[in-house]
There are 2 protein chains.
Amino acid sequence: MGKKTTIYDIAKRLNTTASTVSRALNNSPKISKKTKDLVLETANKMNYQQNKLALALKSGKSNNVGVIVPRIDSNFFASIIKGIEENLYAHGYRVIICQTQNNQNIEVEIINTLLKAQVDGILMSISSINLDTKNSFNRILQKQIPLIFFDRKANIKDVSSVTINDFEAGYMATKHLINQGCKKIAHLSGNILLDIFNNRFLGYKKALEEEGIEFNKAYVLKIRSTVKDGQNAAKQLLKLRNPPNGIFSSSDYAALGAIQEIKANGIKIPGDIKVVGFANEPFTKFMELSISTIDQSPVEMGKIAANVFLQQSNNSENTKIEKNVVLAPKLIIRKSSLKHPNE
Amino acid sequence: MGKKTTIYDIAKRLNTTASTVSRALNNSPKISKKTKDLVLETANKMNYQQNKLALALKSGKSNNVGVIVPRIDSNFFASIIKGIEENLYAHGYRVIICQTQNNQNIEVEIINTLLKAQVDGILMSISSINLDTKNSFNRILQKQIPLIFFDRKANIKDVSSVTINDFEAGYMATKHLINQGCKKIAHLSGNILLDIFNNRFLGYKKALEEEGIEFNKAYVLKIRSTVKDGQNAAKQLLKLRNPPNGIFSSSDYAALGAIQEIKANGIKIPGDIKVVGFANEPFTKFMELSISTIDQSPVEMGKIAANVFLQQSNNSENTKIEKNVVLAPKLIIRKSSLKHPNE
């Protein structure tokens, strides 16, 4: 390793003072967001690390932050983690990641594991809500360890969260399908106990209502976010006496499965059935029949979650600050849902 | 949570004895691999967890295992981790994951983090080899904590590893391109200091030699495993006076980028240029122009790495067992490299 980067090196590179750099790195309210972003970016590029030993002595902290996600094998969660790491690394924190595989027992166990490892904070996207997980969340709070939810949250007093407006996303996606001429729109949903899936469903329903389209229960299937479940759901929908001509899927993976199944039946996309997915996984763009989807700005979501954590852990008076950041979803229109000019 | 699953429940389900189940879970050599696999699978399905408190009292262990990978946002590493978790969870271990983002400073820091968190073992795929990382590996060994490499290994005495035969993989992929009629074959390589990339390159060279095809240095590009780098590499190759008609890429992401760039130039795949990638990322199968690739059996690789760890940590006499498992690669032929019958 070469000579360690100091705040003076960063200041020199940016033609500013060391005190500005130091303030920016410590997230001082006196420094503009633009400057903070620039300093952080430069610090990361130059491999800057705060002196962890000094920090630890000052604070008695481990400088490790735990991140819990349902699964790591989705670009969505991987990108959130990337955003979290970007904003925490320059502050001398290290990130340890655990996945629950959507299993509530593992979720409880993993929280114990991270508490035992003495993390300074837990940033998580929950897999389930029940008495056991709620008890675990409360144990984190009792230990005065900052807990921040992102994307999949539980509604707990004093706990901050960063989410996107899933209702709006469901509404936008469905409205778009209607604008492309679909009147029979199916919805592939998920575990409705989780806010994200319930809100997407409510947005879908709202768009139908607004357009005077009757809600059809047979068009709503609760499935897991997998290619396989998407295939099976499409099979079921195609068997209906009156199959849909539009599908809004709460998952890109399920959307992909549905598209594969529909095409395998010789039915055209977007000609006969139009499809919109959710999450903007990279493959949706790679496909020749690119898939319309909702972008959730996951890197940004991770960065904001990290910043909320930094604010809470810098708050020496330990005041409870609950901060709920809601990001706006973006509809990305691609081939799978686009009306042909002659249609 | 309902009643906890016991080894008696598992035995009942499998119509065997509790002692067989217990032996299988403790990886006893008296039990066949088939039985072990069946018991593990059933234990996972039934959410069985060994009594961790009892285990910890008996052993003084944390029951946490650290896994370090260059990046989590690739299906390859995510699948290895899945395999590791599958085999470790039923044994009462919890897995904490860290990514280095291919940054050697982060790699060193993260090893410290895991040691501080008192993990019982570290399973890792390395990002870099230099004095700092080597010192870190040695520190793990000095603390008598089992260290197991998977996929990307350093050659260190007494350290076990699970890899695939990358030389064979490079040879197979190149030979296949030659059999499909390619004589001008480019190779998108990676950091040649890492065995995996060097061995794939050597396999590529060997196949050319065997067929009497002259090695052309201009056809070998060392790039990162990203779509962007694949695009740039293709740009460079297409500018050559004598561009290649086959590309063997050490990365599916780079292969995808190359394919996008080649198609954007109106050049046909597989008609004009045939492409083979590496790692069997799911998108290679999803594409309408599906991408030929090498499958590395990542879930299996993870399971074996976990088993090697279990053997080492159960070895009470602390004998040093170095075990090097080398898996066979599988060539998966898809559209991107397949000769047209009339060609």
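Residues numbered from 1 in each chain as written. Chains lettered and ligands numbered in written order. Predicted model: local features only at pLDDT ≥ 70, side-chain atom pairs only at ≥ 80, totals over all residues. Heavy atoms only, no water.

Draft legend 1. Region of the structure containing the pattern of salt bridges. Residue and element names in this part refer to chain A. The tally for this structure, following the rule as stated, stands at 24 salt bridges over all chains. Asp 158 serves as the salt-bridge partner of Lys 157, at 3.5 Å between the closest nitrogen and oxygen. Residue class for Asp 158 comes out partly exposed when judged on its relative accessible area of 25%. When salt bridges that share partners are traced, they join Lys 175, Glu 210 and Glu 211 into one network. (Salt bridge = Lys/Arg side-chain N within 4 Å of Asp/Glu carboxyl O. Buried < 20%, exposed > 50% of the residue type's maximum accessible area, 1.4 Å probe, protein only.)

Draft legend 2. Spatial organisation of the relation of the copies chain B and chain A. If you rotate chain B by 180° and push it 0.0 Å along the axis, it lands on chain A with an RMSD of 0.0 Å. Such a combination of rotation and displacement between the chain copies is what one expects of a two-fold axis. A shared interface surface links the copies, since 100% of the contact residues of chain B are contact residues in chain A too. (Least-squares fit on C-alpha atoms with pLDDT ≥ 70 in both. Contact = heavy atoms within 4.5 Å.)

Draft legend 3. The arrangement of the interface of chain B and chain A in detail. With 38 residues of chain B at the interface, the matching set in chain A holds 38 residues. Surface buried jointly by chain B and chain A totals about 3,700 Å² across both partners, of which 53% is contributed by carbon and sulfur atoms. Viewed at the interface, chain A and chain B are joined by four salt bridges. With a shortest N-O distance of 3.1 Å, Lys263(B) and Glu288(A) are connected by a salt bridge. The tally of links from chain B across to chain A stands at 12 residue pairs in polar contact (both at pLDDT 80 or more). (Buried area = accessible area lost by both parts, 1.4 Å probe. Polar contact = N/O pair within 3.5 Å; in protein donor to acceptor, adjacent residues only side chain to side chain.)

Draft legend 4. Looking closely at the sheet that holds strand β6 (residues 185–189) of chain A. Residue and element names in this part refer to chain A. Ordered by their spatial adjacency, four strands build an open sheet running β7-β6-β8-β9, and the pairing between neighbours is parallel. Looking at strand neighbours, the two that pair on one side only are β7 (220–222) and β9 (274–276), the edges of this open sheet. In this sheet, adjacent strand axes meet at a mean angle of 15° when their direction is disregarded. Two elements, strand β8 (residues 246–249) and β9, share three bridges in a ladder whose sense is parallel. Counterpart to Gly 246 in the pairing with β9 is Lys 274. (Pairing = 2+ DSSP bridges. Helix = DSSP H or I, 4+ residues; strand = E, 2+ residues; numbered from the N terminus. Axes fitted to C-alpha atoms, helices over the stretch in contact; angles between N-to-C directions.)

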